[in-house]
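So you can see what is in the structure, the chains are spelled out below.
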Number of protein chains: 2
Amino acid sequence: KNPTSKLRSFCPFTILYFCVLIESSLLQGWVRSVRPQKNNIFLHVNDGSSLQSLQIVADAKLNDPLLTFGSAVEVSGILKKSLHQKQPVELEAEQIRVVGECNPVNFPFKIKERHSLEYIRQLPHLRCRTNAFSSLLRIRSEATAAIHSYFKNNGFVQIHTPIITSNDCEGAGELFQLEPSGPAFVDDDNFFSVPAFLTVSGQLHLEVMSGAFSRVYTFGPTFRAENSQSRRHLAEFFMVEAEISFTESLEDLTKVMEDVFRSATERVLARCAEDVDLFHRHVTPGHRWGCDLMTEHEKYLVKHCGSVPVFVTDYPYDLKPFYARDNQDHPKHTAAAVDLLVPGVGELCGGSLREERLNLLMARLKRVGLEDTYNWYLDLRRFGSVPHGGFGLGFERYLQCVLGVDNIKDVIPFPRFSHSCLL
Amino acid sequence: KNPTSKLRSFCPFTILYFCVLIESSLLQGWVRSVRPQKNNIFLHVNDGSSLQSLQIVADAKLNDPLLTFGSAVEVSGILKKSLHQKQPVELEAEQIRVVGECNPVNFPFKIKERHSLEYIRQLPHLRCRTNAFSSLLRIRSEATAAIHSYFKNNGFVQIHTPIITSNDCEGAGELFQLEPSGPAFVDDDNFFSVPAFLTVSGQLHLEVMSGAFSRVYTFGPTFRAENSQSRRHLAEFFMVEAEISFTESLEDLTKVMEDVFRSATERVLARCAEDVDLFHRHVTPGHRWGCDLMTEHEKYLVKHCGSVPVFVTDYPYDLKPFYARDNQDHPKHTAAAVDLLVPGVGELCGGSLREERLNLLMARLKRVGLEDTYNWYLDLRRFGSVPHGGFGLGFERYLQCVLGVDNIKDVIPFPRFSHSCLL
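All figures in this text were calculated on a predicted structure; none of them were measured in a lab.

So, how was this worked out
Residues numbered from 1 in each chain as written. Chains lettered and ligands numbered in written order. Predicted model: local features only at pLDDT ≥ 70, side-chain atom pairs only at ≥ 80, totals over all residues. Heavy atoms only, no water. Least-squares fit on C-alpha atoms with pLDDT ≥ 70 in both. Contact = heavy atoms within 4.5 Å. Domains from an automatic or database assignment. Buried area = accessible area lost by both parts, 1.4 Å probe. Salt bridge = Lys/Arg side-chain N within 4 Å of Asp/Glu carboxyl O. Polar contact = N/O pair within 3.5 Å; in protein donor to acceptor, adjacent residues only side chain to side chain. Pairing = 2+ DSSP bridges. Helix = DSSP H or I, 4+ residues; strand = E, 2+ residues; numbered from the N terminus. Axes fitted to C-alpha atoms, helices over the stretch in contact; angles between N-to-C directions. Buried < 20%, exposed > 50% of the residue type's maximum accessible area, 1.4 Å probe, protein only. Phe/Tyr/Trp six-rings, centres within 6.5 Å; stacked < 30°, edge-to-face > 60°. Lys NZ or Arg CZ within 6 Å of the ring centre and 35° of its normal.

1. Focus: the relation of the copies chain A and chain B
Right, on to step 1. Of the transformation superimposing chain A on chain B, the axial component is 0.0 Å and the angular component is 180°, with the fit at an RMSD of 0.0 Å. Here the symmetry operator amounts to a two-fold rotation axis. Residues of chain A ranked by C-alpha distance from the rotation axis are headed by Leu178 of chain A, positioned 2.5 Å from it.
Right, on to step 2. Both copies present the same face, since 100% of the interface residues in chain A are matched by interface residues at the equivalent positions in chain B.

2. Considerations on the domain arrangement of chain A
All names here are of chain A.
Right, on to step 1. Assigned domains within chain A: domain 1 (3-100) and domain 2 (121-410).
Right, on to step 2. Between domain 1 and domain 2, the residue contacts involve six residues of the former and seven residues of the latter.
Right, on to step 3. Interface area, domain 1 with domain 2, both sides summed: about 600 Å², of which 39% is carbon and sulfur.
Right, on to step 4. Counting the surface domain 1 buries against domain 2, the share from its top three residues, Arg32, Leu51 and Gln52, is 73%.
Right, on to step 5. Linking domain 1 to domain 2 there are zero salt bridges.
Right, on to step 6. Linking domain 1 to domain 2 there are four residue pairs in polar contact (both at pLDDT 80 or more).

3. As for the sheet that holds strand E5 (residues 89-100) of chain B
Right, on to step 1. With mixed pairing, the five strands of this closed barrel are ordered in space as E1-E2-E3-E5-E4 (chain B). Averaged over all pairs of adjacent strands, the angle between strand axes in this sheet comes to 55°, irrespective of strand direction.

4. Re unusual backbone geometry
Right, on to step 1. Along the chain, His330 of chain A connects to Pro331 of chain A via a cis peptide bond; the corresponding omega equals 0°.
Right, on to step 2. Position of Pro331 of chain A among the secondary structure elements: in the loop between strand E12 (310-316) and strand E13 (334-342).
Right, on to step 3. Located in the positive-phi region is Gln328 of chain A, a residue other than glycine, with phi close to 50°.
Right, on to step 4. The topology assignment puts Gln328 of chain A in the loop between E12 and E13.
Right, on to step 5. Owing to a relative accessible area of 45%, Gln328 of chain A belongs among the partly exposed residues under this scheme.
Right, on to step 6. Unlike most non-glycine residues, Leu423 of chain B shows phi in positive territory, near 70°.
Right, on to step 7. Summarising the element assignment, Leu423 of chain B is placed in the segment after helix H10 (395-403).

5. Notes on the pattern of salt bridges
Right, on to step 1. The final tally for this structure, using the stated rule, is 38 salt bridges over all chains.
Right, on to step 2. Salt-bridge contacts for Asp275 of chain A lead to Arg138 of chain A; the nearest nitrogen and oxygen are separated by 3.0 Å. A residue pair is termed long-range when its members are at least 10 positions apart, and Asp275 of chain A in helix H6 (residues 273-283) and Arg138 of chain A in helix H3 (residues 131-153) qualify at 137 residues. Here Asp275 of chain A and Arg138 of chain A have matching classes, each one buried.
Right, on to step 3. Where salt bridges share partners, they join Glu142, Arg267 and Arg271 of chain A together with Lys152 of chain B into one cluster.

6. Quick word on the packing of aromatic side chains
Right, on to step 1. Summed over the entire model, instances satisfying the criterion amount to 42 aromatic pairs over all chains.
Right, on to step 2. With a centroid separation of 5.8 Å and an interplanar angle of 80°, the aromatic rings of Trp376 of chain A and Tyr377 of chain A are classed as edge-to-face.
Right, on to step 3. Classification of Trp376 of chain A as buried rests on a relative accessible area of 11%.
Right, on to step 4. Taking relative accessible area as the criterion, Tyr377 of chain A reaches 0% and is therefore assigned buried.
Right, on to step 5. Each ring, one from Phe151 of chain B and one from Phe156 of chain B, has its centre 4.9 Å from the other, and the planes form 80°; the classification is edge-to-face.
Right, on to step 6. Since its relative accessible area comes to 0%, Phe151 of chain B is described here as buried.
Right, on to step 7. Taking the relative accessible area as the measure of exposure, Phe156 of chain B reaches 5% and is therefore buried.
Right, on to step 8. Every member of this aromatic cluster is reached through a ring pair, and the members are Phe69, Phe107, Phe109 and Tyr119 of chain A together with Phe383 of chain B.
Right, on to step 9. It is Arg35 of chain B that lies over the ring of Phe42 of chain B; its NZ or CZ is 4.9 Å from the centre.
Right, on to step 10. The aromatic ring of Phe417 of chain B is capped on one face by Lys409 of chain B, whose charged end is 4.7 Å from the ring centroid.

Dropping the structure here:
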């Protein structure tokens, strides 16, 4: 009954295999080009499984004015070895059905035009239909899976840290506050009985788990109400955060940071080679390492080290949040914190050993008047405290770094920033 | 330099292997029991990698008043075959170091007491230190990985749908609205220039992607400002949502729902057997299929079918949201929607074919006055529309169903609900 059940999605390799087993193939996808000739018509149809489209050859009598760039089609026919070198196989069409029309006059993308990232960014509901953005989404999906695999293979337990929180974590940055909306709450806008915010980091919640697990991580959205429309800021962005118990050295952390980066990148380059290549060749061909908007110091450091990723460790104690571990190296007085700076992007990761010593932590919280607020956090040090540390990695910045994408808005499906929340 | 680098985490199986290679082992974890005898002292130490603790045998002179239930320790020694049947191996301690004390008088969990789920729920920063909740977190992590694997292995692209949205999706349920907080926004609380809410579903954003990919999914938090403290409701909960292009029958959807459920459950039962067993034997031993708080109709249906999961399809058209596909079966008039009801939990999944026909969708949106609001959604039907459908699965309800847990607050790390947002 359902014609799609036979061969659901197309990819060049699976079709090669199927064509040995079955005579007739069904391809479902979107038309990327139409080339009518005297006796034949040539189509390229893409189903989103890869950058590659499949070439369709049909008798001219199967042509249809509705067969336009962007239209959705179902094509049944015989898959054959192609006579042209450009593709290994092509589909000789027996039937072509246009299931969704696409008026080329109104469709905001034009055939054979390469639209700029700025232009397609204005069309969040349609930009996945461009080669560049569908490649980005496949890469993002693969990188996400690779990061989960890394942590799973290395004994980390994944924790779903909450989005809504009554902490403001570091007291740093601007927060989004929540209010219930709707008629049920006209007289009662204190839904949670306490002020509630969108999380800026899952770190403190991961530290809770560091009292029972040796290695935990989280990978999810975090938020900053930063009033900036720069190419480096989003109001909603994804962070990978990890926390490791029974560790007493920053090298344990930098090793994990480096391993995550390496293993994710190796897998992305291996499994999304064509998609990554599209970015490197066409989308961001003018990308140079070390471009302009990062802070001068970060720029200097990365350049000084030969435009390679650089770890910077042991920051001045007073610059770091209350949870950073005191190195007790007076008179210098530093905290055991580390940042990973990468060319073109700046800070990719930030981490620290956490102050596990109750007396030192309590004294510091007292000095800043947060002793009561973080009494629950002090409990973690009262009951079976362990030396531990962790870090966060900005997932969009990671993608920018690997793909050489200048604007962070071009590596996330639905960017949210100051004065923009489309869809 | 760092003693932990040799053997980082303990699990009964890896230690068995290591003990052939190295003479001395290092175990780091938390004390679950202390049993001093005349010549020896016996400890059980758990590192969170499994429900099992490792038995430590030490000379009585290694005893220390700080070796208490809940304290964190590092034990080095020789791993040996145990003489007792209860465990295959035990660690003969050479050195025991208490790295984090735990005063048993103040520690809210008591040795050998089985605390109720209600009690440990009051202690969100410490409850992972109980057997029950650390088992739950391992199961939740494994189930999450299993769900991602299922979709990846079946050709789905993962999309990070946004948390912040200017849609209110179905217009159903109460929403959380966002305002920036902090001094920078005293005079300007319109951060996004439009009202912005926490998402209730990623469906519409997935439908955007259904115009370029054959199969997409998302797995993340969703929100409802429901003023309820019942055992069935959370303000923040996790949903698995999938959208499939080029599908024209509900059976295509029910097949995926069933496959996700089966493959995740098989893997959880295989890889977390001990943890699941703990729930079935001790934590929820009184759990019966078909308990009381679900709606009467759902109860009846599930019971009528022999207390097995039940798909209910083709609901009255007027009860379903605007995007549900019209079955055009006048005079009955139903929509192609489907719910999966499971014993004890009620609705686990809800899905539908989506109205892909521009004229029908436009007419319906006009009738409810949403034509302008959803003009972007109509664009998806104007340009290369395809027959498609999708569903959402409540991840906490899934865990409740598999583990027989009565209260949804007991299957999420940090539950948020009316008048409660701890940490």
